Amino acid sequence: METVFDRPHALSDVVTNFCPGCTHGIITRLVAEVLDELGMEGKAVGVAPVGCSVMAYNFYECDMQEAAHGRAPAVATGIKRVHPENLVFTYQGDGDLAAIGTAETVHAAARSENITIIFVNNAIYGMTGGQMAPTSLVGQVTQTTPYGRKVEDQGYPIRMSEMLSTLEGSAYIERVAVDSVPNIRKAKAAIKKAFQCQLDKKGFSLVEVLSTCPTNWGKSPEEALDWLRENMMPQYPLGVYCDKLSKEGE
Amino acid sequence: MARVTFRADRCKGCGLCTTVCPKKIVIMDTETINEKGFHPATVIEMEKCIGCAMCATICPDCVIKVER
Amino acid sequence: MEKKVLMKGNEALAEAAMRSGCRHFFGYPITPQTELAAYMAKQMPKRGGTFLQAESEVAAINMVYGAAGAGARVMTSSSSPGISLKQEGISYIAGADLPCVIINIVRGGPGLGGIQPAQSDYFQATKGGGHGDYRLLVYAPSSVQEMADLVGVAFDKADTYRMPAMIMGDGMLGQMMEPVSFKEPIAPEDLPQKEWATCGTGMKRKKNIINSLYLTPDELEELNDARLKRYETILKDEVLFEEYQTEDAELIFVAYGTIARIVMSSVNTLREQGIKAGLIRPITLWPFPSEIINQRADSAKMFLTVEMSQGQMVEDVRLAVNGKKPVYFYGRNGGMVPEQEAIVEEAKKYLQK
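Residues numbered from 1 in each chain as written. Chains lettered and ligands numbered in written order. Predicted model: local features only at pLDDT ≥ 70, side-chain atom pairs only at ≥ 80, totals over all residues.

(A) A look at the pairing of strand S3 (residues 63–66) of chain A. Burial along S3 of chain A is two-sided: Asp 63 and Gln 65 of chain A facing one way and Met 64 and Glu 66 of chain A facing the other are all buried. Pairing between strand S2 (residues 44–48) of chain A and S3 of chain A: 4 bridges, direction parallel. The residue of S3 of chain A that forms the bridge with Ala 48 of chain A is Glu 66 of chain A. In terms of strand pairing, S3 of chain A meets strand S9 (residues 209–210) of chain C through 2 bridges, oriented parallel. Bridge pairing links Gln 65 of chain A to Ile 210 of chain C in S9 of chain C. (Buried ≥ 20, exposed ≤ 12 C-beta atoms within 10 Å, placed from the backbone. Helix = DSSP H or I, 4+ residues; strand = E, 2+ residues; numbered from the N terminus. Pairing = 2+ DSSP bridges.)

In structure tokens, the structure reads:
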């Protein structure tokens, strides 16, 4: 018999700290699958953020650095400038990337830093117990918006992919989701394309992945997938926002 | 002929795999509690398995191996 | 040694860094260190290096973290308010055991303060500017030549002990021009090998992890204690200082950096007047030259610490003297520099007591 699915080599054989049913685990694995398929594990250097994926340095077999909260794109910049031939990626959540680290994210894109960011958007701070994120939806109840996110008080959620795609430095930006098997496959293809963008030296690439947080959303893993589809997808439409690879290939 | 194997000790009991199986042969084993304290996922009627790997694809914890 | 060239202190720091194998510089503009970054911006591309102006000091120090973790000799420079912003990153660099060199061309504070020379960041540099138990190697040059020399020392020691090193100057040192000679550049192949660096496993070794997160308390304590052991070695082996006329001195000044040059003139003036004065000039602020100060406390009658601050290093002098003799303080701050005559008068005041 032929193995059609097994743990990718680039994914360390450890138990993640993610809660049951949290789709972080899927996204973490997809990155490893792509590293395997591109044969880049030995060339890759990953940067872990602060947030639920803070322990990501334990999840991959490639070299890893742990960054301070929000600073992963700056750390990745430092690595990439020393070793341009390495495949350098960050794995960041919404609080890390779109709140405390907004400046680092925007300027890495503006510089067209040749790195890849995997941006996990689950509309909440998971690690600290479910506070409002910059991507929390209007009306969303969190620990710090117990009466729902109100526009008058907390303003509007940030659409990072749209915002970053206005920058000339961005080379590839796509928003995907991991709510279903077909979408998981598309998410993997997007991650692969983003890494390829870096290998082709096209510049800054980012894949925003809509993800669930069953624990802090107060839902079962299956209900969380429904909530993602019904509430997050209208606010955060899936699709390619910027693609210099295909343009030049045409 | 296909085969799925579960690393029951790694399963966090989220049940996502059971929602995607086209043959409805992946279930939560409520008779068993693994060392993490969860009812792990398992398979019934293995002969019906088509090796589509949908269960493994959605599993957040790399519990499932699929052979065909 | 090559022939001497006339150069600004800030530029000498940059030139010396490149000759020490530094090919990566990340900074953010701030007065009065701008010449350093400008020199790097001009020279790095010519020497196959990277000069990057970051979006903030916070980003710059984290780029330093990444580059240091990737195994490069890397430098950043700033001035007091910018160094405050870098403190988070410096704590992480110390916690991840990464070597790098940080330049602080100190200006008067607190807050935005001013841009004139000051020594009011002594506490920040030597007592841990960021969170957690950690130390920096802190070097305090008092001439352009010494600035150039100490850059090489700072890179070497940072690599040896896997920790950040800081060079503290001020705008006066940074902007004054003096003759300086540089060492021959280090060949890249002569730089220390860093088997812990993240440059890709090549599928040939286990992965390297650069990290300061340890959630198990006994593991964190063990790592911190291992670092403390290295600090103890440094306290023993890496102290640098200069003594001037201390053998028979009744009054010993303690001063570092720019102000030590002025104090040296004050010592000469006092000696001309028949007053036995001397100077101990700490070159490393951490490790602090406590031992020599304590030894000299046996023969001297008193100490007078002179600083461009409200009195920061004086606390370490008092700890070193340990009650053996009185320790007095004279200082100006906010960018004001103590004058030679004022220092002489201050010394006489205490000698007549």
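(B) Main features of the interface of chain A and chain C. Contact with chain A, which involves 29 residues of that partner, is made by 34 residues of chain C. Ranked by residue count, the leading element in the side of chain A that touches chain C is helix H2 (residues 72–82) of chain A, at 8 residues. The class makeup of the residues in the side of chain A that touches chain C is 14 nonpolar, 7 polar and 8 charged. (Contact = placed C-beta atoms within 7 Å. Nonpolar A, V, L, I, M, F, W, Y, C, P; charged D, E, K, R; others polar.)

(C) Seen up close, the arrangement of the chains. Among the 2 pairs of chains that make contact, the interface with the largest number of contacts is formed by chains A and C. In this assembly chain B lies apart from chain C, the nearest approach of their C-alpha atoms being 20 Å.

(D) Spatial organisation of the sheet that holds strand S5 (residues 116–121) of chain A. The strand order S8(A)-S6(A)-S7(A)-S5(A)-S4(A)-S2(A)-S3(A)-S9(C) describes an open sheet built from 8 strands, whose pairing is mixed. At either margin of the open sheet sits one strand with a lone partner, and together these are strand S8 (239–243) of chain A together with S9 of chain C. In the packing of H2 of chain A onto the sheet, contacts are made with S2, S3, strand S4 (87–93) and S5 of chain A, and the angle to S4 of chain A comes to roughly 175°. (Axes fitted to C-alpha atoms, helices over the stretch in contact; angles between N-to-C directions.)

(E) Region of the structure containing the nonpolar core. Counting residues in each nonpolar core, the largest one holds 217 residues, and the members touching the most others are Ile 118 and Val 209 of chain A together with Val 64, Val 101, Val 151 and Ala 154 of chain C. Looking at which element gives the most residues to this core, the answer is helix H6 (residues 144–161) of chain C, with 10 residues. Of the residues that make up this core, three or more belong to each of domain 1 (5–200 + 224–237) and domain 2 (241–351) of chain C. Non-local contacts of Val 64 of chain C, meaning those with residues more than four positions away in its chain, are made with Gly 78 of chain A together with Phe 26, Val 74, Thr 76, Gly 89, Ile 93 and Cys 100 of chain C. (Core = buried A, V, L, I, M, F, W, Y, C linked by C-beta atoms within 7 Å. Domains from an automatic or database assignment.)

(F) Local environment of the interface of chain A and chain B. Chain A puts 23 residues into the contact, and the matching count from chain B is 24 residues. Among the elements of the structure, strand S1 (3–5), helix H1 (24–38), helix H7 (181–199) and helix H9 (221–235) of chain A are those that each provide at least two residues to the side of chain A that touches chain B. Its residues placed into classes, the side of chain A that touches chain B shows 12 nonpolar, 6 polar and 5 charged. Note that S1 of chain A and strand S4 (residues 64–67) of chain B share 2 bridges and pair antiparallel. Bridging from a neighbouring strand, Phe 5 of chain A pairs with Val 66 of chain B of S4 of chain B.

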